[in-house]
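Listed below are the residues making up each chain.
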Amino acid sequence: MEPDLHELLASLRVWDPEFTELPALDPATAPAAPLPLFARWLAEAAAAGQPEPHTMSLATTDEEGRPDVRIVMLHDADAAGWSFATHAGSRKGRQLAARPHAALAFYWPVRGRQVRVRGPVTAAPPEEAHSDLHARSTGALAAALTGHQSEVLDSLDELTHASESAWERARSAPDTKVPSWTLYRLQPTEAEFFQGDAQRRHVRLRYRRTPDGWARELLWP
């Protein structure tokens, strides 16, 4: 029997006190730039037991301006930008080639927090993409070597065969290059930090890049 979707949604809770702590966010004590605050929040989410706190939603648009979104992993965040990787020929790779702007969203329910970032995206040099890929696991290399991301798959047997071959190659030649694998960097023009509040007086602190540096402002929830 299929569940009643309306009843199921009505029964679900947000920020159950049994699992969620809602700390305060004092904008007056926030750092002058967004990256230090993000690093602190990420570390606190991990310490609080948030599963996979380094995963994020990545939103892009196609040539006709239609939005797309998926979950990817943050590889790094520093002065050069917020980094993620994919095949250049994947759907998101093609979209970024056509419209090199994107938005990121992190959600850490154990702290009632969100972080949203958006800005232009550039591809890192191939040697940096190679180093980034080979600093990860054998499974990550095998997945990259399997290739064909976003292409139509005829059968799961075809995937199994390609994956097994890729795993064998990843184990026997761990420094194999994957020319299509691309490291992308988003350089933020905006970064918003959302702190949930039990009384629904949520705090939204936005950093906005200006010619003089970062401007900070509060937004109505």
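S.K.: Can you break down the nonpolar core residue by residue, with the values?
M.R.: Ranked by size, the top nonpolar core spans 26 residues in total, and within it Phe38, Phe84, Leu104, Phe106, Val115 and Phe193 carry the most contacts. The set of elements that each furnish at least two residues to this core consists of α2 (34-47), β1 (55-61), β4 (81-87), β5 (101-108), β6 (113-123), β7 (181-186), β8 (190-195) and β9 (203-210). Those residues in contact with Phe193 that lie beyond four places of it in its chain are Leu25, Pro34, Leu37, Phe38, Trp41, Gln114, Val115, Val203, Arg204, Leu205 and Tyr207. Grouped together as the second largest cluster of nonpolar side chains are 13 residues, Ala124, Ala142, Ala144 and Val178 included.

S.K.: Go over the packing of helix α5 (residues 138-146) against helix α6 (residues 156-172), please, and point to the residues and values.
M.R.: Relative to each other, α5 and α6 sit at 130°, their axes nearing to 8 Å. In terms of axis orientation, α5 runs oblique to α6. Considering only the axes of α5 and α6, their crossing is right-handed. Taking contact as the criterion, the partners of Thr138, Gly139, Leu141, Ala142, Leu145 and Thr146 in α5 are, on α6, Leu159, Ala162, Ser163, Ala166, Trp167, Arg169, Ala170 and Arg171. Broken down by class, the residue content of the contact of α5 with α6 amounts to eight nonpolar, four polar and two charged.

S.K.: Let's hear about the pattern of salt bridges: which residues, and what values?
M.R.: Scanning all chains against the criterion turns up 14 salt bridges. For the salt bridge of Arg204 with Glu192, the shortest nitrogen-to-oxygen distance reads 2.6 Å. Here the residue Arg204 occupies a position in strand β9, and Glu192 occupies one in strand β8, the gap between them amounting to 12 residues. On the basis of relative accessible area, Arg204 is assigned to the buried category, the value being 19%. Among the ionic contacts, a cluster of salt bridges with common partners joins Glu21, Glu44, Arg111 and Arg113.

S.K.: Describe the packing of aromatic side chains, and please don't skip the residues or the numbers.
M.R.: Inspection of the entire model under this criterion finds 10 aromatic pairs. Where Trp82 meets Phe106, the ring centres are 6.3 Å apart and the plane angle is 50°; that geometry is what we call tilted. Of this pair, Trp82 sits in strand β4 while Phe106 is found in strand β5, placing the two residues 24 residues apart along the sequence. Residue class for Trp82 comes out buried when judged on its relative accessible area of 2%. A relative accessible area of 1% means that Phe106 is categorised as buried. Joined through ring pairs, the aromatic side chains of Phe38, Trp82, Phe106 and Trp108 make up one cluster. For the cation-ring pair, Arg113 lies above Trp41, with the distance from its terminal atom to the ring centre recorded as 4.1 Å.

Reading the values: the criteria
Residues numbered from 1 in each chain as written. Predicted model: local features only at pLDDT ≥ 70, side-chain atom pairs only at ≥ 80, totals over all residues. Heavy atoms only, no water. Core = buried A, V, L, I, M, F, W, Y, C linked by side-chain atoms within 4.5 Å. Buried < 20%, exposed > 50% of the residue type's maximum accessible area, 1.4 Å probe, protein only. Helix = DSSP H or I, 4+ residues; strand = E, 2+ residues; numbered from the N terminus. Contact = heavy atoms within 4.5 Å. Axes fitted to C-alpha atoms, helices over the stretch in contact; angles between N-to-C directions. Parallel < 35°, antiparallel > 145°, perpendicular 65-115°, else oblique. Left-handed = near helix turned anticlockwise from the far one by under 90°. Nonpolar A, V, L, I, M, F, W, Y, C, P; charged D, E, K, R; others polar. Salt bridge = Lys/Arg side-chain N within 4 Å of Asp/Glu carboxyl O. Phe/Tyr/Trp six-rings, centres within 6.5 Å; stacked < 30°, edge-to-face > 60°. Lys NZ or Arg CZ within 6 Å of the ring centre and 35° of its normal.

What is shown is where atoms sit, not what they do.
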